[in-house]
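# Results of the structural survey
Each chain, letter by letter, is given below.
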Amino acid sequence: MSARLVWRVARLTAIRDETATARTLVLTVPDWPGHLAGQHVDVRLTAEDGYSTQRSYSIASAADGETVELTVQQVPDGEVSPYLGEVLSIGDPVELRGPVGGYFAWRPESTAPVLLIAGGSGIVPLMAMIRARRAAGSRVPFRLIYSVRTPHDIYYADELRMRARDDAGLDVAYAFTRAVPDGWPSPPRRLGVAEVNTHGWPADFEPECFICGPTGFVETVADILVALGHDPQRVRTERFGPSGA
Ligand SMILES: Cc1cc2nc3c(=O)[nH]c(=O)nc-3n(C[C@H](O)[C@H](O)[C@H](O)COP(=O)(O)OP(=O)(O)OC[C@H]3O[C@@H](n4cnc5c(N)ncnc54)[C@H](O)[C@@H]3O)c2cc1C
C-alpha cells in the first residue's frame, strides 16, 4: 500500500487559538513522509462502538519533519470539527492519513508569480504555501487576497502582519464581508472584480492562481479570474464546504 494511504496515529502536541471558533492543532505524526504546501490529510474518528467517520483537513504548515499542523474551523452541530476543536486534548491520539492531492499544491521550484485568494478557512492551505515559500527562501512574488467576515475572523493575523512586513515580495490584502476595521476606506462587501483587479496580478503576468474556500466563493472567484483573462489551466481550486455553501 502506498505510504500516503496508511493510517497513522498522530499525537496532539500543542494547540493555538486562531479565532474564537478556529484552532490550530500541532500534531506529531510518526514516519510522516513529508508534504507539499496545499495538500491535505484525512482524519478518522472511531467511537467505542466501532462507528467511524472521516473528514479532510488541509495542512497549514510547511514540511517540517514529523510535525503537521491543521487549523480547524468549528462547524456548529458538525460531527467531527467540534471534537477536534473542543474535545481533543494535548497528548491525545488521532488517526490520519496522507498527504493527499497533488493538483492543488505549490512547488518551491516553481518560478511563476503566485496569486492566492482565500475565503474564510480557505486560508489554511494558502498559508502553507506562504510558509513553504519562506522556508525554501523563494523570492517568487506572492499576492494574497483574504476575504473574511470581520477583522476578528482573520486566521494567523499576527504572522500575516509580520510576513507582509518581512517577507520580500509577499503582499497581503483583505476584503471584509460583514464588518470592517476602524478607518477602513470602504463598507463591508463581497469580494468582486474590483478587488481582484486591484490586488491580484494582471493576466499577462501568467500567475499561478490558487483559490480556496466555500464552494460558492471559489466558483465566483474562478469566474472573475477567467473573465479578467487568466488561463483557466492556471487557476486551481479547492472547495471546503458542502455544495452551495
Ligand atoms: C480538501 C478539503 C480540505 C479541507 N480543509 C479544511 C481545513 O483546513 N479546515 C477546516 O476547518 N475545514 C476543512 N475542510 C472541511 C472539513 O472537511 C469538514 O467538512 C468540516 O470540518 C465540517 O465537518 P463536520 O464533521 O464538523 O460537519 P458535518 O457533520 O459534516 O456537517 C454539519 C453541518 O454543517 C454543514 N457543513 C459541513 N461542512 C461545512 C463547511 N465547511 N462550512 C459550512 N458548513 C458546513 C453541513 O452541510 C451540515 O449541515 C476541508 C474539506 C476538504 C474537502
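The structure under discussion appears in the preceding block.
Quick look at the structure, then. These numbers come from a predicted model, not from an experiment.

### Let's talk about the packing of aromatic side chains
- Here the structure, examined in full by the defined rule, presents seven aromatic pairs.
- Centroid distance Y174 to F176: 6.1 Å. Interplanar angle 20°. Geometry classified as stacked.
- On the basis of relative accessibility, which here comes to 22%, the residue Y174 falls in the partly exposed class.
- By relative accessible area, which is 4% here, F176 ends up buried.
- By the ring-pair criterion, three or more aromatic residues cluster together here, those being Y146, Y174, F176 and W184.

### Overview of the layout of surface pockets
- The calculated volume of the largest pocket comes to roughly 1,400 Å³.
- Taken together, 42 residues make up the lining of the largest pocket; nearest its centre are G119, G120, S121, G213 and P214.
- At the level of secondary structure, the elements contributing two or more residues to the lining of the largest pocket comprise β4 (52–58), β5 (67–73), β8 (142–148), α5 (215–227) and β11 (235–239).
- A class-by-class count of the residues in the lining of the largest pocket yields 15 nonpolar, 19 polar and eight charged.
- The space that makes up the second largest pocket amounts to roughly 190 Å³.
- Considering the residues around the second largest pocket, the lining is formed by 13 residues, among which Y174, W184, S186, R189 and E195 are closest to the centre.

### Here's the deal with the sheet that holds strand β10 (residues 208–213)
- The strand order across the open sheet formed by five strands is β9-β8-β7-β10-β11, and the pairing between neighbours is parallel. Across the chains shown, the open sheet's two edge strands, defined by having one partner strand only, are β9 (170–176) and β11. Ignoring which end each strand starts from, the neighbouring axes of this sheet average 15° apart.
- By the bridge criterion, seven bridges tie β8 to β9 in an arrangement that is parallel. Each bridged residue has a counterpart across the sheet, and for L144 the counterpart in β9 is V172.
- Of the strands in this sheet, β8 and β9 touch helix α3 (residues 157–166), which is tilted by about 140° from β9.
- Sitting on the sheet, α5 touches β7 (114–119), β8, β10 and β11, and the angle it makes with β10 is about 155°.

### Focus on the pattern of salt bridges
- Scanning all chains against the criterion turns up 15 salt bridges.
- The shortest N-O distance in the salt bridge between R16 and E18 comes to 3.9 Å.
- Residue class for R16 comes out partly exposed when judged on its relative accessible area of 34%.
- Two residues, R165 and D166, come together in a salt bridge whose shortest N-O distance is 2.8 Å.
- Using a relative accessible area of 64% as the deciding quantity, one classes R165 as exposed.
- Salt bridges sharing common partners tie together R131, R134, E159, R163 and D167.

### So, the nonpolar core
- Counting 30 residues, the largest nonpolar core has L116, I123, L126, M129, F142 and Y146 as its most contacted members.
- Secondary structure elements with two or more residues in this core: β7, α2 (123–136), β8, β9 and β10.
- For this core, the leading source of residues is α2, giving eight residues.
- Excluding anything up to four places from it in sequence, I123 contacts A118, L144, Y146, Y155 and Y156.
- Listed in part, the 19 residues of the second largest apolar core include W32, V43, Y57 and V94.

### Points about unusual backbone geometry
- In this structure, P99 follows G98 across a cis peptide bond, with omega equal to 5°.
- Locating P99 in the fold gives a position in strand β6 (residues 93–100).
- A positive phi angle, close to 50°, is found at E206, a residue other than glycine.
- Examined against the element boundaries, E206 turns out to sit in the loop between α4 (193–199) and β10.

### Thoughts on the pairing of β6
- Most of β6 is tucked away, with six of its eight residues classed as buried.
- Note: strand β1 (residues 8–19) against β6, four bridges, orientation antiparallel. Within β6, the position partnered with R8 by the bridge is L96.
- In the sheet, strand β3 (residues 40–46) pairs with β6 via four bridges, with the strands oriented antiparallel. Its bridge partner lying in β6, H40 is registered against V100.

Conventions we followed
Residues numbered from 1 in each chain as written. Predicted model: local features only at pLDDT ≥ 70, side-chain atom pairs only at ≥ 80, totals over all residues. Heavy atoms only, no water. Phe/Tyr/Trp six-rings, centres within 6.5 Å; stacked < 30°, edge-to-face > 60°. Buried < 20%, exposed > 50% of the residue type's maximum accessible area, 1.4 Å probe, protein only. 1 Å grid on protein atoms, 1.4 Å probe; cavity = no way out; pocket = protein on both sides within 12 Å on 5 of 7 lines; lining within 4 Å. Points joined across faces, edges and corners; volume = space filled by probe spheres on them. Helix = DSSP H or I, 4+ residues; strand = E, 2+ residues; numbered from the N terminus. Nonpolar A, V, L, I, M, F, W, Y, C, P; charged D, E, K, R; others polar. Pairing = 2+ DSSP bridges. Axes fitted to C-alpha atoms, helices over the stretch in contact; angles between N-to-C directions. Contact = heavy atoms within 4.5 Å. Salt bridge = Lys/Arg side-chain N within 4 Å of Asp/Glu carboxyl O. Core = buried A, V, L, I, M, F, W, Y, C linked by side-chain atoms within 4.5 Å.

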